[in-house]
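# Report on the structure
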Amino acid sequence: MSRLPDSPPASARVPRFTLAERWAHRATAGLMGVCVLTAACLYVPQLAQLVGRRALVVTVHQWAGVALPLPVLAALGSRALRADLGLLNRFGPHDRRWLLAALRRDGRRVSRPAHKFNAGQKIYAAWVAGATLVMLGTGLMMWLTHLTPLVWRTSATFVHDWLALTLGIVLAGHVGMALADPEARRGMRTGSVTRAWAEREHPLWADELSYGPGPSGPRPAPTEPRPATTDSAP
């Protein structure tokens, strides 16, 4: 009989993100940071007085907002990025289980099956993508005032300001969760993570890396073993 290959050690590293994906994330994060900081300087009186030069801050904010979608658009030539976007845009039964476990604060690994991205990351990515497009559209209406009537610009200002506040809160939560997970940050910085982390946080993805995808996509989520029962004799 042929001997089965030994499983790789838990400390072994597995590839997670390509160079194109990492640079797209860094550039988008940098532009988003510029938008948030300049918006704070425009709307917080103490920061506005400290920084001054409001016209320059407005110009930087406008151009950073216009450039915000460009890193992802430029990286669409990467097959890995397109594949990951497809994964982010696909919800499966395991994602519903993950969300139910999160709502119930059930932290057990078997209760939170996840592929390369968990359900929370998928919702976050979809929300940020939609919010960015809305912010871009409303920002252009506020910038190019001659293109739209006054009532449109007034509505755009209301939506832009409140959505910016909500986006700032969501981004703060995203940064906080990243700070709490050093291995996830290392994966985005270097492109690889330990197998132990992958098996703990994204077990379906780790199984696929080891055994390949199932016949119709990700392998089914693990289930808890049922307790053994003994039937009494009649």
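Preceding this section is the structure that the text describes.
First things first, this report covers the structure right here in the doc. Predicted, not measured: the structure shown is a model, and the values here were computed from it.

### Some details on the layout of surface pockets
The volume enclosed by the second largest pocket comes to roughly 760 Å³. A39, H61, M135, H160 and A164 are, among the 29 residues lining the second largest pocket, the residues nearest its centre. Those elements giving two or more residues to the lining of the second largest pocket turn out to be α1 (19–43), α3 (54–67), α7 (119–143) and α8 (150–179). Taken together, the residues of the lining of the second largest pocket sort by class into 20 nonpolar, seven polar and two charged.

### Side note on the pattern of salt bridges
Between side chains of opposite charge, pairing is possible as soon as their charged atoms come close. Enumeration over the complete set of coordinates arrives at five salt bridges. A salt bridge links R186 to E183; the shortest N-O distance between them is 2.3 Å. Of this pair, R186 and E183 both sit in helix α9 (residues 182–190), separated by three residues, roughly a single helical turn. Exposure remark for R186: the relative accessible area of 31% places this residue in the partly exposed category. Between R200 and E201 there is a salt bridge, with its nearest N and O atoms 3.3 Å apart. Among the charged side chains, a network of salt bridges with common partners joins R13, E183 and R186.

Parameters at a glance
- Residues numbered from 1 in each chain as written.
- Predicted model: local features only at pLDDT ≥ 70, side-chain atom pairs only at ≥ 80, totals over all residues.
- Heavy atoms only, no water.
- 1 Å grid on protein atoms, 1.4 Å probe; cavity = no way out; pocket = protein on both sides within 12 Å on 5 of 7 lines; lining within 4 Å.
- Points joined across faces, edges and corners; volume = space filled by probe spheres on them.
- Helix = DSSP H or I, 4+ residues; strand = E, 2+ residues; numbered from the N terminus.
- Nonpolar A, V, L, I, M, F, W, Y, C, P; charged D, E, K, R; others polar.
- Salt bridge = Lys/Arg side-chain N within 4 Å of Asp/Glu carboxyl O.
- Buried < 20%, exposed > 50% of the residue type's maximum accessible area, 1.4 Å probe, protein only.

As far as function goes, none of this settles anything; it's purely spatial.
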